[in-house]
Amino acid sequence: MKNIVLIGFMGSGKSKISREIGRRLKKEVIATDDLAEISEGMSIHEIFKAKGEAYFRDLEHSIIKDLASRQGIVIDCGGGVVLRKENLKLLKTNGIVFYLQATPEVIYQRIKHETHRPLLKTSDPLGCIKELYQQRLPLYSQADYTIDANAASIEGPITEILEKI
Ligand code: S3P
């Protein structure tokens, strides 16, 4: 049984949608960020601060390698998993990959009051989101399916994902 893999920018709704899909299909849901935090015993923010982004990306890659070999689970991926080309390749071998697409403006509105996103701790978070978004769009677009996640309700994306699998 194939895994259901959700990728997309921070704030695109991956975690909420993964949890709801897992609940409806009675499948285990695993977030790569949760495994990173458990393995290091600290928050994502602290890992970035103490060990740097490169260390986090290596850790994320080893987590993806483990998860990609499993079957029948829902994988909620951190927004940057696409930065390593091999990650998406691994995730696709055993899974159907869905890109939850939301515009930079929608993302900004959703996450502007949050403080735990290390990459957005800048004086111009919207500008930073736009820049990262442009860089990552070609990578996210390599998913098997692109799902419109701009609406406030998660019902639309969930229905679309369930129809596709
Ligand atoms: C990141 C997204 C975060 C987390 C880390 C880096 C990114 O995950 O992995 O802060 O590079 O986009 P979420 O997308 O779950 O917020």
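Here the structure is a predicted model, which is why all the values come from computation and not from measurement.

**Student:** Any chance you could explain the sheet that holds strand β1 (residues 3–7) here in plain terms?
**Tutor:** Taken in spatial order, the five strands make up an open sheet running β2-β3-β1-β4-β5, and their pairing is parallel. Both outer strands of the open sheet, β2 (29–31) and β5 (145–148), are each paired with one neighbouring strand and no more. Averaged over neighbouring strand pairs, the angle between their axes works out to 25° when direction is ignored. Packed on one face of the sheet, helix α2 (residues 32–40) meets β2 and β3 (74–76) and runs near 65° to β2. Here helix α8 (residues 155–164) sits on the sheet and contacts β1, β4 (95–101) and β5; the angle it forms with β5, its principal contact strand, is near 155°.

**Student:** Would you take a moment to explain the site of the ligand for this structure?
**Tutor:** In the vicinity of the ligand, 14 residues are found, and the nearest of them are K14, D33, R57, R117 and R136. In the environment of the ligand, an oxygen atom lies 2.3 Å from a nitrogen or oxygen atom belonging to the side chain of R117. Residue R136 places a side-chain N or O atom 2.7 Å away from an oxygen atom belonging to the ligand. Among the elements of the structure, α3 (44–51) and α4 (53–68) are those that each provide at least two residues to the shell around the ligand. Residues that form the shell around the ligand fall into these classes: six nonpolar, three polar and five charged.

**Student:** Would you mind going over the packing of aromatic side chains with me for this structure?
**Tutor:** In this description, an aromatic ring pair is defined by two values, namely the gap between the centres and the angle between the planes. What the rule picks out here adds up to four aromatic pairs. With centroids separated by 5.4 Å and ring planes inclined at 20°, the aromatic side chains of F98 and Y145 adopt a geometry described as stacked. Residue F98 is located in strand β4, and its partner Y145 is located in strand β5; the two are separated by 47 residues in the primary sequence.

**Student:** For this particular structure, what's the right way to read unusual backbone geometry?
**Tutor:** Most peptide bonds are trans, and most residues other than glycine sit at a negative phi. Positive phi, normally seen in glycine, also occurs at K26, with a value near 55°. Take K26: it is sitting in the loop between α1 (14–25) and β2. By relative accessible area, which is 75% here, K26 ends up exposed.

Definitions and cut-offs
Residues numbered from 1 in each chain as written. Predicted model: local features only at pLDDT ≥ 70, side-chain atom pairs only at ≥ 80, totals over all residues. Heavy atoms only, no water. Pairing = 2+ DSSP bridges. Helix = DSSP H or I, 4+ residues; strand = E, 2+ residues; numbered from the N terminus. Axes fitted to C-alpha atoms, helices over the stretch in contact; angles between N-to-C directions. Contact = heavy atoms within 4.5 Å. Near = heavy atom within 4 Å. Polar contact = N/O pair within 3.5 Å; in protein donor to acceptor, adjacent residues only side chain to side chain. Nonpolar A, V, L, I, M, F, W, Y, C, P; charged D, E, K, R; others polar. Phe/Tyr/Trp six-rings, centres within 6.5 Å; stacked < 30°, edge-to-face > 60°. Buried < 20%, exposed > 50% of the residue type's maximum accessible area, 1.4 Å probe, protein only.

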